[in-house]
Amino acid sequence: MEHTTTLPLPPAGSTPDDPDRRRWLAATGAASAVAATATAIPLVSSFAPSERARAMGAAVEVDISDLPPGGMKTVEWRGKPVWILRRTPEMLAALKGHEGQLADPESAKDQQPEAARNATRSLRPEVFVAIGICTHLGCSPTVLPAGTPNPSVGSDWPGGFFCPCHGSTFDLAGRVFRNKPAPTNLEIPPHAYLADQRLRIGDAS
């Protein structure tokens, strides 16, 4: 984009030592500086990533070798929290037996990559990866283990996630329970294993 600045003319009949000429030179220098700045700013800005590029977000690599059974870590991708939970055999067993209480037990709705459209909603049964945002109004649920005294869930609670904002509940595969405000299961982001204990979040290739 071009930017044109018109500079003032020197006073007629002025000499090099004339005060009017000195004022003109000062004004010209100031105007030139403004013109240079106006030209430089768009050029410098073009090197900065655009808002859209920042919003798109790059893939994130995560080392999960330090994640113990039953442990969960949170990373950020596209400005969203992504949970990585290493489920124990007991947690995996708790995914069975309450399918009739779930709104979408077979993950029929498109909230996960095709490779995670299974009973555990994961690429590997023991490692669960999900975006930690409730699908109702975008609140962040908390972990509620089985046997919790929290009165918001029943005594038969199998363990999972509870959104304190409006009471939506999800099991340890992120599947939403029936008759809750959240309309769908938790979203599973695209991801892939780069190595046995290393994940890439945001790119399934």
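Residues numbered from 1 in each chain as written. Predicted model: local features only at pLDDT ≥ 70, side-chain atom pairs only at ≥ 80, totals over all residues. Heavy atoms only, no water.

> Provide a residue-level description of the pairing of strand 2 (residues 72-77), including the pertinent values.
Summarising the sheet, strand 2 and strand 3 (residues 80-86) pair through six bridges and their orientation is antiparallel. The residue bridging Thr74 from the neighbouring strand is Trp83, located in strand 3. Linking strand 2 back to strand 3 in an antiparallel pair, the connection comprises two residues, with Arg78 at a positive phi of about 55°. (Pairing = 2+ DSSP bridges. Helix = DSSP H or I, 4+ residues; strand = E, 2+ residues; numbered from the N terminus.)

> Kindly report on the sheet that holds strand 6 (residues 160-162), identifying the contributing residues and their values.
Read across the open sheet, the three strands follow the order 5-6-7; overall the sheet is antiparallel. Only two strands of the sheet have a single partner each, and these edge strands are strand 5 (142-144) and strand 7 (169-171). Strand-to-strand twist in this sheet, taken as the mean axis angle between neighbours without regard to direction, amounts to 30°. Bridging between strand 6 and strand 7 involves three bridges; their strand directions are antiparallel. Residue pairing in the sheet places Phe162 in a bridge with Thr169 of strand 7. (Axes fitted to C-alpha atoms, helices over the stretch in contact; angles between N-to-C directions.)

> Tell me about the pattern of salt bridges, and please be specific about residues and values.
The final tally for this structure, using the stated rule, is seven salt bridges. For Glu61, the salt bridge identified is with Arg198, shortest N-O distance 3.3 Å. With Glu61 in strand 1 (residues 60-63) and Arg198 in strand 9 (residues 198-201), this pair connects stretches of sequence that are 137 residues apart. Overall, the relative accessible area of 45% leaves Glu61 in the partly exposed class. Given a relative accessible area of 32%, Arg198 falls into the partly exposed group. Residue Asp203 is joined to Arg200 by a salt bridge in which the shortest nitrogen-to-oxygen separation is 3.8 Å. Judged by relative accessible area, Asp203 falls into the partly exposed class, the value being 28%. (Salt bridge = Lys/Arg side-chain N within 4 Å of Asp/Glu carboxyl O. Buried < 20%, exposed > 50% of the residue type's maximum accessible area, 1.4 Å probe, protein only.)

> Go over unusual backbone geometry, please, and point to the residues and values.
Within the chain, Arg78 stands out as a residue other than glycine whose phi angle is a positive 55°. Turning to its location among the elements, Arg78 is positioned in the loop between strand 2 and strand 3. Given the relative accessible area of 42%, Arg78 is considered partly exposed. Despite not being glycine, Asn179 has its phi angle at roughly 60°, a positive value. Topologically, Asn179 is positioned in the loop between strand 7 and strand 8 (191-195).

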